[in-house]
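Below are the chains, spelled out letter by letter.
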Amino acid sequence: VTILLEYRSKFVEDYMVLLGYQSRIKFVQPDTVYCSNSMVIPPHSQCGVGIPEGLLLLRSRILRAINTTDCGNSTKILVIDRSLSQSRSITNHAEMMARLSIEFPMWNFESVQLEKMGIVDQIRQFSGARGVIAPHGAGLSNILFLPPSSFIVEMFPKHYVVKCYMSLAKVLSLTYSGLILSGNFDASSHLTLEEDELKAVIHLLKRHDFDSQ
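Read on for a plain summary of the structure.

Calculation criteria
Residues numbered from 1 in each chain as written. Predicted model: local features only at pLDDT ≥ 70, side-chain atom pairs only at ≥ 80, totals over all residues. Heavy atoms only, no water. Helix = DSSP H or I, 4+ residues; strand = E, 2+ residues; numbered from the N terminus. Rg over C-alpha atoms; globule rule 2.2 N^0.38 Å. Buried < 20%, exposed > 50% of the residue type's maximum accessible area, 1.4 Å probe, protein only. Contact = heavy atoms within 4.5 Å. Areas by Shrake-Rupley, 256 points an atom, 1.4 Å probe, with all protein chains shown as cover. Lys, Arg positive; Asp, Glu negative; His and termini not counted. Charge placed at Lys NZ, Arg CZ, Asp CG, Glu CD. Axes fitted to C-alpha atoms, helices over the stretch in contact; angles between N-to-C directions. Parallel < 35°, antiparallel > 145°, perpendicular 65-115°, else oblique. Left-handed = near helix turned anticlockwise from the far one by under 90°. Nonpolar A, V, L, I, M, F, W, Y, C, P; charged D, E, K, R; others polar. Arc of directions from axis to C-beta. Phe/Tyr/Trp six-rings, centres within 6.5 Å; stacked < 30°, edge-to-face > 60°. Pairing = 2+ DSSP bridges. Core = buried A, V, L, I, M, F, W, Y, C linked by side-chain atoms within 4.5 Å.

**Considering the overall build of the protein**
Next up, step 1: Scanning the protein for helices and strands turns up six helices and seven strands.
Next up, step 2: Starting at the N terminus, the α and β elements of the protein follow one another as β-α-β-α-β-α-β-α-β-β-α-β-α.
Next up, step 3: Here the C-alpha radius of gyration of the protein, 19 Å, is about what a compact globule of 213 residues would show, namely 17 Å.
Next up, step 4: Expressed along its principal axes, the backbone C-alpha trace of the protein runs to roughly 60 × 40 × 30 Å.
Next up, step 5: When the 213 residues of the protein are sorted by exposure, 44% land in the buried category.
Next up, step 6: Relative to all contacts within the protein whose residues are 6 or more apart in sequence, the contacts with residues 24 or more apart total 66%.
Next up, step 7: Carbon and sulfur atoms make up 53% of the accessible area of the protein, which totals about 11800 Å².
Next up, step 8: If the 20 positive side-chain charges of the protein are averaged to one point and the 20 negative ones to another, these points end up 7 Å apart.

Put into C-alpha cells, the structure is as follows:
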C-alpha cells in the first residue's frame, strides 16, 4: 500500500522510518488531485484517545524498533523544560528543580528540552523514566512510551485546560494528576508556580508514595 501523509514533517518521517514504512510514503501536495481504486481513511478520534489497541500496538512496535524496553524500577523523573518554546514555559523552572531535589533526594530529577532531541532520544528518555512533570505541551505525547507503573503531573494555565493527555494516560493505565495554576495565564503565556503550587507538586509526589520507594 501507499501511505498518504498530509504534510512533510521530520517528526512524521522519523516515525515512518521507525515503523518501516519509509518506502511507502507519498506526501500530499497542494492543489493536486489523487485517484485510487480503494482507500482507507482512519476515523477521527477524540484528542489523546485514539484506538486503545492501536496505541498499544504502536508502542510495542516502536520500542522494539529502537531495541529498548520498559525500565519500571528507574529512579529518573523527567521535568520538561519548555524555555525554548514561545508558550507555557515555567519561569521558575530552576527553583522547582531545586525544591524537588531537596524534597526527594533518592530520585534523579532530570531537566530535558525536547526541542533539542530527536524522536529516538525522546522515546528512550520516556521509556526509561519513572515519572514526568511538565506544563501542557505536545512533548507529552511521549507518555505513550512510559513504563506502565509511571506517573504524570501536568500543569495548566487556568484559561487553557486540555484533557488529551489525561485521556491518553487513562488508556495506558498511568497515574495522572493535573494541576491548574492560579495565575491569570492563557494558552500562550509563560507560567510561574506560586509557593502553594510548588507545595502542591511536592504533595502530589508524596501522595503517590514515590518518596518512600
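Let us keep going from here.
**Things to note about the packing of helix H3 (residues 93-103) against helix H6 (residues 195-207)**
Next up, step 1: Contact geometry of H3 with H6 gives a least axis separation of 11 Å together with a crossing angle of 40°. What the angle tells us is that H3 and H6 run oblique. Along this stretch, H3 crosses H6, giving a crossing that reads as right-handed. In contact with Glu95, Met96, Arg99, Leu100 and Glu103 of H3, H6 contributes Glu195, Leu198, Lys199, Val201, Ile202, Leu205 and Lys206.
Next up, step 2: Taken together, the residues of the contact of H3 with H6 sort by class into six nonpolar, no polar and six charged.

**With respect to H3**
Next up, step 1: Inspection of H3 places His93, Met96, Met97 and Leu100 among the buried residues, and these make up the whole buried set. Viewed along the axis of H3, the buried residues span an arc of 100°, placing them on a single side of the element. Along H3, the residues that are exposed and aim more than 90 degrees away from the buried face are Ala94 and Ile102.

**Some words on the packing of aromatic side chains**
Next up, step 1: Under the defined criterion, the tally for this structure stands at two aromatic pairs.
Next up, step 2: Judged by centre distance (6.2 Å) and plane angle (50°), the rings of phenylalanine 104 and phenylalanine 109 are tilted. Each of the two residues, phenylalanine 104 as well as phenylalanine 109, counts as buried.

**Brief notes about the sheet that holds strand E4 (residues 108-112)**
Next up, step 1: Pairing within the open sheet is parallel, and its five strands lie in the order E4-E3-E5-E6-E7. Since the sheet does not close on itself, it has two edges, and those belong to E4 and strand E7 (175-181), each with one partner. On average, adjacent strands in this sheet sit at an angle of 15° to one another, irrespective of strand direction.
Next up, step 2: In this sheet, strand E6 (residues 151-157) lies alongside strand E5 (residues 131-135) in parallel orientation, the contact comprising five bridges. What sits directly across from isoleucine 133, in E6, is valine 153.
Next up, step 3: Its contacts with the sheet place helix H4 (residues 119-127) against strand E3 (76-80), E4 and E5, and it is angled at close to 130° to E3.

**Here's the deal with the nonpolar core**
Next up, step 1: By size, the foremost hydrophobic cluster in this structure holds 36 residues, and its most contacted members are Ile123, Phe126, Val132, Ile143, Phe145, Leu146 and Ile152.
Next up, step 2: Looking at this core, the elements that each hand over two or more residues are helix H1 (10-18), helix H2 (52-65), E3, H4, E5, E6 and helix H5 (164-171).
Next up, step 3: Not counting chain neighbours up to four residues away, the residues in contact with phenylalanine 126 comprise Leu78, Ile80, Leu114, Val132, Gly139, Asn142, Ile143, Phe145, Leu146 and Pro147.
Next up, step 4: Formed by 23 residues, the second largest nonpolar core is a distinct cluster that contains Val79, Met97, Ile133 and Met155.

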